[in-house]
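Coordinate inspection notes
Residue-level listing of the chains:
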Amino acid sequence: MPYHKQNTLTLSNRAKLEIRKYISTMNLEENHKLPREERLAEMIGVSRITIRQALNDLAAEGIVSRRQGKGTFVNKDSLNIKVRFNPSMEFSQAIRKSGYKPSVILGDIKKIPRDENICSLLHMGTEDVLILAEKIFLADGRFCVFCRDYFSSAQLGDAGSFLEFSRYDDSVFQYMYQSSGKKCEWDIVEIDTILSSEIEGLSGYLDQNRLQEMPLLYLKGVSYTSDDVPVLYANEYINTQIIKYNMIRKKNIAYLP
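Cut-offs used in this document
Counting restarts for each chain: residues are numbered from 1 in the order of the written sequence. In keeping with the model being predicted, local features are shown solely for residues with a pLDDT of at least 70 and side-chain atom pairs are shown and tallied solely at 80 or more, while totals for entire chains, interfaces and linings include all residues. Hydrogens and waters are ignored; side-chain quantities use all the structure's heavy atoms. To define a nonpolar core, start from buried Ala, Val, Leu, Ile, Met, Phe, Trp, Tyr and Cys residues and group those joined through side-chain atoms within 4.5 Å. Note on classification: 1.4 Å probe, protein chains only; a residue is buried when its accessible area is under 20% of the maximum for its type, exposed when over 50%, partly exposed between these limits. Secondary structure elements follow DSSP: runs of H or I of four or more residues count as helices, runs of E of two or more count as strands, with numbering from the N terminus. Should DSSP find at least two bridges between two strands, the strands are taken to pair. In this analysis, axes come from line fits to C-alpha atoms, helices being fitted only over the stretch in contact, and the angle between any two N-to-C directions falls in the range 0 to 180 degrees. Whether two residues are in contact is decided by their heavy atoms: any pair within 4.5 Å suffices. Cavities and pockets were defined on a 1 Å grid built over protein atoms only: a cavity is a set of grid points that admits a 1.4 Å probe from which the probe cannot escape, a pocket is an open set flanked by protein on both sides within 12 Å along at least five of seven lines, and lining residues are those with an atom within 4 Å of any such point. Grid points are joined across faces, edges and corners, and a volume is the space filled by probe spheres set on the points. All residues other than Ala, Val, Leu, Ile, Met, Phe, Trp, Tyr, Cys, Pro, Asp, Glu, Lys and Arg, Gly among them, are scored as polar; the first ten of these are nonpolar and the last four charged. Working definition: roughly parallel below 35 degrees, roughly antiparallel above 145 degrees, roughly perpendicular at 65 to 115 degrees, and oblique for all remaining angles.

**Looking at the nonpolar core**
Core analysis: the largest hydrophobic core is formed by 18 residues, its most contacted members being I19, I23, L34, I51 and V64. Every element with two or more residues in this core is listed here: α1 (11-25), α2 (37-44) and α3 (48-60). Of all the elements, α3 adds the most residues to this core, at 5 residues. Ranked by size, the runner-up nonpolar core spans 14 residues in total, among them V83, F91, F137 and C144.

Below is the structure:
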């Protein structure tokens, strides 16, 4: 039976949400400095430690910048970014943020022969079966993303759970959470590019009118829980004509005197 857990925000995530709401009320042309940590903690009703964590998270996302001895400031340009590379979001959400209507084509969901490289990445036992799930995301009917997700059968449970998952068109992360309570919190990703014609099996899902020769962003990565347990290996092929990623990077430059 699927595991159901109340979807509650942590205090730091709630504080992040409230800070973002506060930012939305600011006139950033006149002032883009946030109140002091003590004042934010009082306004939101959480501890200063929680506020500090929330601000650090927002700084990591590029929403704010923290300047020693001066305070915390809103990065005005960051508010116009629709889809961030870090932190990542689910593809249906990224498609909506990009101004399109998402839809999903369910592909193969099957047990496959063990690939020992993938099984090693996922720390799978010798008796665990490797499962492959393929999914196509469309944006206003146009090809947007092709996903190949690999994970252990231990993530699904019994045969009934496998059948249920084979009809599940939402996020694989949502399914894992609902069935086991496991949340994927972070991943390690290798970035590459690839031509659509080089992706084996993709043309079987889309006709050539919908799948023209195009360069795609190719992400290969392992997703981990908050306990640093690997649960999923993914190959993601992304049409960057539709999803245009942005990120704010801090500079680490060795300036010579």
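Read on for the rest.
**Focus on the sheet that holds strand β7 (residues 215-225)**
Strand order in the open sheet made by the 6 strands is β3-β4-β5-β8-β7-β6, with antiparallel pairing throughout. Looking at which strands have only one partner, the edges of the open sheet turn out to be β3 (102-112) and β6 (184-195). Strand-to-strand twist in this sheet, taken as the mean axis angle between neighbours without regard to direction, amounts to 15°. Both β7 and strand β8 (residues 230-238) contribute to a ladder of 8 bridges, which runs antiparallel. Residue pairing in the sheet places K220 in a bridge with N235 of β8.

**Some points on the side chain of S12**
If you trace the backbone, S12 turns up in helix α1. In this view, S12 contacts T50, Q53 and A54; residues no more than four positions away in its chain are not counted.

**Observations regarding the layout of surface pockets**
To find leftover empty space, a probe the size of one water molecule is rolled over the atoms. Considered as a void within the structure, the second largest pocket measures approximately 260 Å³ in volume. Every residue lining the second largest pocket is counted, 15 residues in all, and those nearest its centre are R36, E37, R66, G71 and T72. Mapped by element, the contributors of at least two residues to the lining of the second largest pocket are α2, α3, β1 (64-67) and β2 (71-74). When the residues that make up the lining of the second largest pocket are grouped by side-chain class, the tally is 3 nonpolar, 4 polar and 8 charged.

**Some details on the packing of α2 against α3**
Between α2 and α3, whose axes approach to 9 Å, the crossing angle comes to 105°. The orientation of α2 with respect to α3, classified from their angle, is roughly perpendicular. Residues E37, E38, L40, A41 and I44 of α2 form the contact with α3, whose participating residues are R48, I51, R52 and L55. Grouping the constituent residues of the contact of α2 with α3 by class yields 5 nonpolar, no polar and 4 charged.

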